[in-house]
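Understanding the architecture of this molecule
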Amino acid sequence: MDLHDFPVPEAFVDRQIQNRLEQTLRAMQAQGSDIKNLKLDWQKVKDAQRDKAVREVKASLLLGKIADRESIAATRHEVDREVERIAKQQREPLAAVRFRMEKDGSLSRIASQIQTEKTLNFLFEHARKVADEAS
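This write-up is about the structure you can find in this document. (Residues numbered from 1 in each chain as written. Predicted model: local features only at pLDDT ≥ 70, side-chain atom pairs only at ≥ 80, totals over all residues. Heavy atoms only, no water.)

1. A few points about the packing of helix H2 (residues 42-69) against helix H5 (residues 106-134)
One way to put it is that H2 packs onto H5 with a least axis distance of 10 Å and a crossing angle of 75°. What the angle tells us is that H2 and H5 run roughly perpendicular. Packed against H2, whose contacting residues are Leu63, Ile66 and Ala67, the element H5 presents Gln115, Thr116, Thr119, Leu120, Phe122 and Leu123 at the interface. Residue composition of the contact of H2 with H5, by class: 6 nonpolar, 3 polar and no charged. (Axes fitted to C-alpha atoms, helices over the stretch in contact; angles between N-to-C directions. Helix = DSSP H or I, 4+ residues; strand = E, 2+ residues; numbered from the N terminus. Parallel < 35°, antiparallel > 145°, perpendicular 65-115°, else oblique. Contact = heavy atoms within 4.5 Å. Nonpolar A, V, L, I, M, F, W, Y, C, P; charged D, E, K, R; others polar.)

2. What about the side chain of Thr119?
Its place among the elements puts Thr119 in helix H5. For Thr119, a relative accessible area of 1% translates into the label buried. Among the polar contacts made by the side chain of Thr119, one reaches the main-chain carbonyl oxygen of Gln115 at a distance of 2.8 Å. If sequence neighbours within four positions are ignored, Thr119 has contacts with Leu63, Ile66, Ala67 and Ile72. (Buried < 20%, exposed > 50% of the residue type's maximum accessible area, 1.4 Å probe, protein only. Polar contact = N/O pair within 3.5 Å; in protein donor to acceptor, adjacent residues only side chain to side chain.)

3. Describing the side chain of Arg20
Tracing the backbone shows Arg20 in helix H1 (residues 10-30). Since its relative accessible area comes to 18%, Arg20 is described here as buried. Beyond its immediate stretch of four places on either side in the chain, Arg20 contacts Gln49, Lys52, Ala53 and Glu56.

Printed below as a string of structure tokens:
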């Protein structure tokens, strides 16, 4: 990533910052914090997240380009398997979980996560082959 410096759309960066903040707040709430009473300068918090968010967006865009070039995608079966795992974990009916995920966009996020994981595995395997050939 450090070899490829390019501008990223601000909307992507803003969304990534929002995602990071939401994850942090959910974690705090899960630990028993009362997030409604937090006295934070939200602009400072967002500014502190900016560099990491830009880096994450760049990585995501680069991985997306590699996945496209190498025709790496999540299969329906892989997505279905993950939805089944989540339904079992949450002890909810599969159909209800699938419906909720279709409605809130989670299915596309799952497919994207699977694609990212497969792309990273592809890059790791490719790097290992190149390293073995160089030895």
